[in-house]
Amino acid sequence: MKFMGFLSPASYIPIALLIFSIFYVGSTSAIDAITSARSIRDHETISSNNTDLKLGFFSPENSTNRYLGIWYLSQSYIIWIANRDNPLTDSSGVGKIHNDGNLVVLNGQNLILWSSNVSANSTTNSTVAQLQDSGNLVLRDIATGKTLWDSFSHPADAAVPTMRVATNPNTGKKIEYVSRKTPSDPSSGYFTVSLERLGAPEVFFWYNKTRPYYRTGPWNGRFFLGTPRLSTEYLYGWRFDHDDDGTVYVTYSVADPTAYGTLSITTTGTLKLHFPYGGADLFIRTPYSLLGAGKKGRGRIALIVAVTGAIGIITLVVCAYLVWRKWSAKRTGKVPGLDSMRSHIVRDRMRS
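In this report, the structure presented in the accompanying data block is examined. Keep in mind that what you see is a predicted model, and the values were worked out from it rather than measured.

What about the overall build of the protein?
Here is step 1: Along its length, the protein carries three helices and 26 strands.
Here is step 2: Residue burial in the protein is summarised as follows: out of 352 residues, 39% are buried.
Here is step 3: Of the accessible surface of the protein, which amounts to about 20,400 Å², a share of 58% is contributed by carbon and sulfur atoms.

A closer look at the side chain of Ser116
Here is step 1: Take Ser116: it is sitting in the loop between β11 (112-115) and β12 (127-131).
Here is step 2: Sequence-distant contacts of Ser116, that is, excluding residues within four places in its chain, are made with Asn102, Leu103, Leu139 and Trp149.

Describing the packing of aromatic side chains
Here is step 1: Inspection of every chain in the model, using the stated rule, returns 17 aromatic pairs.
Here is step 2: Measuring from centroid to centroid gives 5.6 Å for Trp114 and Trp149, while their planes differ by 70°, and the two rings are edge-to-face. Separated by 35 residues along the polypeptide, Trp114 in strand β11 and Trp149 in strand β14 (residues 147-150) bring together distant segments of the chain.
Here is step 3: The interplanar angle of 25° and the centroid separation of 6.1 Å between the aromatic rings of Tyr190 and Tyr207 together place this pair among those described as stacked. Highlighted residues: Tyr190 in strand β19 (residues 185-196) and Tyr207 in strand β20 (residues 202-207), separated in sequence by 17 residues.
Here is step 4: What makes Tyr207 buried here is its relative accessible area of 1%.
Here is step 5: Taken together, Tyr190, Phe191, Phe205, Tyr207, Tyr213 and Tyr214 form an aromatic cluster joined through their ring pairs.
Here is step 6: If you follow Arg164 out to its NZ or CZ, it ends over the ring of Tyr249, 3.5 Å from the centre.

Details of the sheet that holds strand β3 (residues 33-34)
Here is step 1: Spatially, four strands are ordered β3-β12-β13-β14 in an open sheet, and the strand pairing comes out antiparallel. Of all strands in the sheet, those with a lone pairing partner are β3 and β14, marking the two edges.

Comments concerning the pairing of β20
Here is step 1: Burial analysis of β20 places six of its six residues in the buried class, which makes it a mostly covered element.
Here is step 2: When β19 meets β20, the two strands line up antiparallel, connected through six bridges. Its bridge partner lying in β20, Leu195 is registered against Val203.
Here is step 3: The sheet contact formed by β20 and strand β21 (residues 211-215) spans four bridges and is antiparallel. Bridging from a neighbouring strand, Tyr207 pairs with Arg211 of β21.
Here is step 4: Where β20 folds back on β21, the antiparallel hairpin that results is connected by three residues, among which Asn208 adopts a positive phi of roughly 55°.

A look at the side chain of Asp157
Here is step 1: Within the secondary structure, Asp157 sits in the loop between β14 and β15 (158-159).
Here is step 2: The class for Asp157 is buried, based on a relative accessible area of 10%.
Here is step 3: Setting aside anything within four residues of it in sequence, one finds Asp157 in contact with Arg84, Tyr177, Val178, Ser179, Arg180, Leu263, Ser264 and Ile265.

Some remarks on the pattern of salt bridges
Here is step 1: Enumeration according to the criterion identifies eight salt bridges in this entry.
Here is step 2: Between Arg180 and Asp157 there is a salt bridge whose closest N-O contact spans 3.5 Å. A residue pair is termed long-range when its members are at least 10 positions apart, and Arg180 in strand β18 (residues 177-182) and Asp157 in the loop between β14 and β15 qualify at 23 residues. Neither residue differs from the other here; Arg180 and Asp157 are each classed as buried.
Here is step 3: Of the charged contacts, one joins Arg239 and Asp241 as a salt bridge, the two residues approaching to 3.0 Å between their closest N and O atoms.
Here is step 4: Looking at Asp241, the relative accessible area reads 27%, which means it is partly exposed.

Considerations on the sheet that holds β18
Here is step 1: Strand order in this open sheet of four strands is β18-β19-β20-β21, and the pairing throughout is antiparallel. Two strands bound the open sheet, and with one partner strand each, they are β18 and β21. When strand polarity is set aside, the average angle formed by the axes of neighbouring strands in this sheet is 35°.

Some thoughts on the environment of Val178
Here is step 1: Residue placement: Val178 occurs in strand β18.
Here is step 2: Since its relative accessible area comes to 11%, Val178 is described here as buried.
Here is step 3: Separated by 86 residues in sequence, Val178 and Ser264 place their C-alpha atoms 9.0 Å apart.
Here is step 4: Once you skip the residues sitting within four places of it in the chain, Val178 turns out to touch Arg84, Ala156, Asp157, Ser188, Gly189, Phe191, Thr192, Lys209 and Ile265.

Calculation notes
Residues numbered from 1 in each chain as written. Predicted model: local features only at pLDDT ≥ 70, side-chain atom pairs only at ≥ 80, totals over all residues. Heavy atoms only, no water. Helix = DSSP H or I, 4+ residues; strand = E, 2+ residues; numbered from the N terminus. Buried < 20%, exposed > 50% of the residue type's maximum accessible area, 1.4 Å probe, protein only. Areas by Shrake-Rupley, 256 points an atom, 1.4 Å probe, with all protein chains shown as cover. Contact = heavy atoms within 4.5 Å. Phe/Tyr/Trp six-rings, centres within 6.5 Å; stacked < 30°, edge-to-face > 60°. Lys NZ or Arg CZ within 6 Å of the ring centre and 35° of its normal. Pairing = 2+ DSSP bridges. Salt bridge = Lys/Arg side-chain N within 4 Å of Asp/Glu carboxyl O. Axes fitted to C-alpha atoms, helices over the stretch in contact; angles between N-to-C directions.

See the structure below:
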């Protein structure tokens, strides 16, 4: 029914609701991707569809350097860092799709500080980087839908559920985790976690990627035999599997999927299980980590070796002396010191 040549007032209600719903969805839907038309600058972010995870620039505690990273709920819960070894010193950073299709971090002079470094015949308009609800940042070819690169395959120091520790024996490619240098410096540190001995798989903890200082023990089909503390009420289960290309991997899940428990290799070489909503932190202490890392750790080791050596030498000297006394007594039939003791006794009696 028309009212003075227009729709009646009642007819406007559905139209108004439609316009409102379109506006509401458009204003509340999370922007979860970097595209050729959308980059992110410092103090801008993109969010996963569930809005729990964000990709943006941050500074670690007690640092002014800037990094592009992914965090869960807040910047105190960083799960991935792009330019960890090449930080920005100001707020001029930009995360964007480069003209070769790669995801890059640029500084104020448009120099590339970090790149996904995919060798593919791609262009700016053919790729998109999307932040998934799992926390994985995925670079895809728009035309084919093929994944060209993802952050889960290039981790920093932390793993979230479904992330892998992996090795491909055919190509030698590994998914491994490297600790930060310090809590305020997220650059690659001294400790690395990798999957080794694929016949009886074990997770190795390395110092400087050359010396293993801890092993989990072999996988028995359910858990690692040498690390029973990893089989706790907090970790729901471990899974060992392989891909068609020969990649062998171990992944984990937590009892409460909403808890989003992360495993990270700390700056002192321990393994930490952390929950943002309380729970418990699980540390697997390692002998080497108690000695510290770097020059300080090597100094402590040298001191321990020196003290141990000195004690050993003193012990050998004392033992050698006691053996000599016993041997001398048997040979002469005299006990060293006994004759002088007898002469003192005789003199005392004569005086009395």
